[in-house]
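In case you want the letters, here they are:
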Amino acid sequence: MLQRSPITTQKVVFTAAALTLLGVCALAYEAAGARQALAVLIGGFAGLALYHASFGFTAAWRRVVTEHRGAGLRAQFLLILLTAAVSFPLIAYGERLGWPVGGFVFPFGVAAAIGAFIFGIGMQLGGGCGSGTLFTVGGGSTRMVVTLAAFILGSVLATANLHQWNRLPALPAYSLVNEFGPTLAFAATAVVLGLIGAATIWLERRTHGEVAPPTQTLSVLHGPWSMALGAVMLAIAGILTFIVVGRPWGITSAFALWGAKAFQAVGIPVETWPYWTWQVSALETSVFMDTTSVMDFGVILGAMIAAGLAGKFAPVWTLSKRDLMTAVVGGILMGYGARLAYGCNIGAYLGGLVSGSMHGWLWLLFGFAGSVVGTRIRLRLAMR
């Protein structure tokens, strides 16, 4: 029996992922038109960038705590500032220019604080945030397939009683862009992120004597990319999302929808839950009508394309009991927490900050605190 060479296998992965991405584009176009198809391609581009740059939030936050290394966190700040430099003026002036754009500006209260905190724990146990879960699934991680399934389950379970959580006290929504205008809002964002970034450099030098040299881009096509290049490319994806979709990039609302459709398929009447009574059309129509869903499909397939180009698509089919347990627990915590806190690192943290919303800063505070706790649990469990 003939066996395929690794090179042949990677070509098959690349070709299958690319053709599937085009197929998703066609289905999205048929369901909702050209913008929906473009959203798929933006998601695919983001997935490729996430994979080639290994651009995640989970490991970067963990390294600040365990190693006092802050390069990953500073790359996130670069991504935020590059995106906000365009998104703030779009939010402020887009309607006047005939291109209305909306930000993610939400109230933040007890429920969101709890949600962000348990999400932070979950992302360290599960091994990835929302975007990290998607791109590592696309890259061939079987453990992250388990995390994603649990993420979806936690997301839909949270919608069963989200209306009760939302009765808890909350601060009103507050937009820096609306209050101070895009220029001052950007300056304030840059100052705060700059101070945090400077603190990570001080901590790194105090611990190690020097700042770690930046990673280098070896190949634009085959990867790996530097974190800086990853930040630039993801900023482009985020800006294109604002322009094409009219709002920031989001990830996790689609997981709740996928879970709800699965629950419906087995006879659970989620359409009677208060969360879904105002989204009945989403439950009844094709998933390709949902922009967040098709972008998520694009992220997975874009990462698979990148893995094929890099020659690294190689799923491991055995999981230890510890890996299985932490993937399930971490995924459920992330799913539940994301619904309470308006999303994950992409939708709530990144999406909030590039919208000029105060809730993005508060999400960062509570999410990072949860991540510290999750990191301590990882260390006790001797997780890599």
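Residues numbered from 1 in each chain as written. Predicted model: local features only at pLDDT ≥ 70, side-chain atom pairs only at ≥ 80, totals over all residues. Heavy atoms only, no water.

(A) Quick look at the packing of aromatic side chains. A full pass over the atoms with the stated rule returns 20 aromatic pairs. For the pair F88 and F186, a centre-to-centre distance of 6.5 Å together with 85 degrees between the ring planes defines the contact as edge-to-face. A residue pair is termed long-range when its members are at least 10 positions apart, and F88 in helix 4 (residues 71–93) and F186 in helix 9 (residues 176–208) qualify at 98 residues. Look at F106 and Y342: their rings are 4.7 Å apart centre to centre, the planes differ by 20 degrees, and that puts the pair in the stacked class. Taken together, the residues span a long stretch of sequence, with F106 in the loop between helix 4 and strand 1 (108–109) and Y342 in the loop between helix 15 (321–340) and helix 16 (345–353) at a distance of 236 residues. (Phe/Tyr/Trp six-rings, centres within 6.5 Å; stacked < 30°, edge-to-face > 60°. Helix = DSSP H or I, 4+ residues; strand = E, 2+ residues; numbered from the N terminus.)

(B) Local environment of the nonpolar core. With 104 residues, the main nonpolar core has F55, F119, W249, W276, Y349 and W363 as its most contacted residues. Considering each element in turn, this core owes the most residues, 12 residues, to helix 14 (residues 291–310). Here F55 is in contact with L50, A75, Q76, L79, F135, M227, G230, A231 and L234, once residues within four sequence places are set aside. (Core = buried A, V, L, I, M, F, W, Y, C linked by side-chain atoms within 4.5 Å. Buried < 20%, exposed > 50% of the residue type's maximum accessible area, 1.4 Å probe, protein only. Contact = heavy atoms within 4.5 Å.)

(C) Here's a closer look at the pattern of salt bridges. The final tally for this structure, using the stated rule, is 4 salt bridges. Among the salt bridges present, the one from E204 reaches R69, with a minimum N-O distance of 2.9 Å. Taken together, the residues E204 in helix 9 and R69 in the loop between helix 3 (58–66) and helix 4 connect sequence positions 135 residues apart. Its relative accessible area of 18% is what places R69 among the buried residues. The residue E204 makes a salt bridge to R74 at a minimum N-O spacing of 3.3 Å. Of this pair, E204 sits in helix 9 while R74 sits in helix 4, placing them 130 residues apart in sequence. R74 carries the same exposure label as E204, and that label is buried. Through salt bridges with shared partners, a single network forms among R69, R74 and E204. (Salt bridge = Lys/Arg side-chain N within 4 Å of Asp/Glu carboxyl O.)

(D) Local environment of the packing of helix 6 (residues 130–138) against helix 14. One way to put it is that helix 6 packs onto helix 14 with a least axis distance of 6 Å and a crossing angle of 45 degrees. Between helix 6 and helix 14, the angle falls in the class oblique. When you trace helix 6 past helix 14, the crossing you get is right-handed. The segment helix 6 lies against helix 14, with L134, F135, V137 and G138 engaging D296, V299, I300, A303 and M304. Classifying every residue of the contact of helix 6 with helix 14 gives 7 nonpolar, 1 polar and 1 charged. (Axes fitted to C-alpha atoms, helices over the stretch in contact; angles between N-to-C directions. Parallel < 35°, antiparallel > 145°, perpendicular 65-115°, else oblique. Left-handed = near helix turned anticlockwise from the far one by under 90°. Nonpolar A, V, L, I, M, F, W, Y, C, P; charged D, E, K, R; others polar.)

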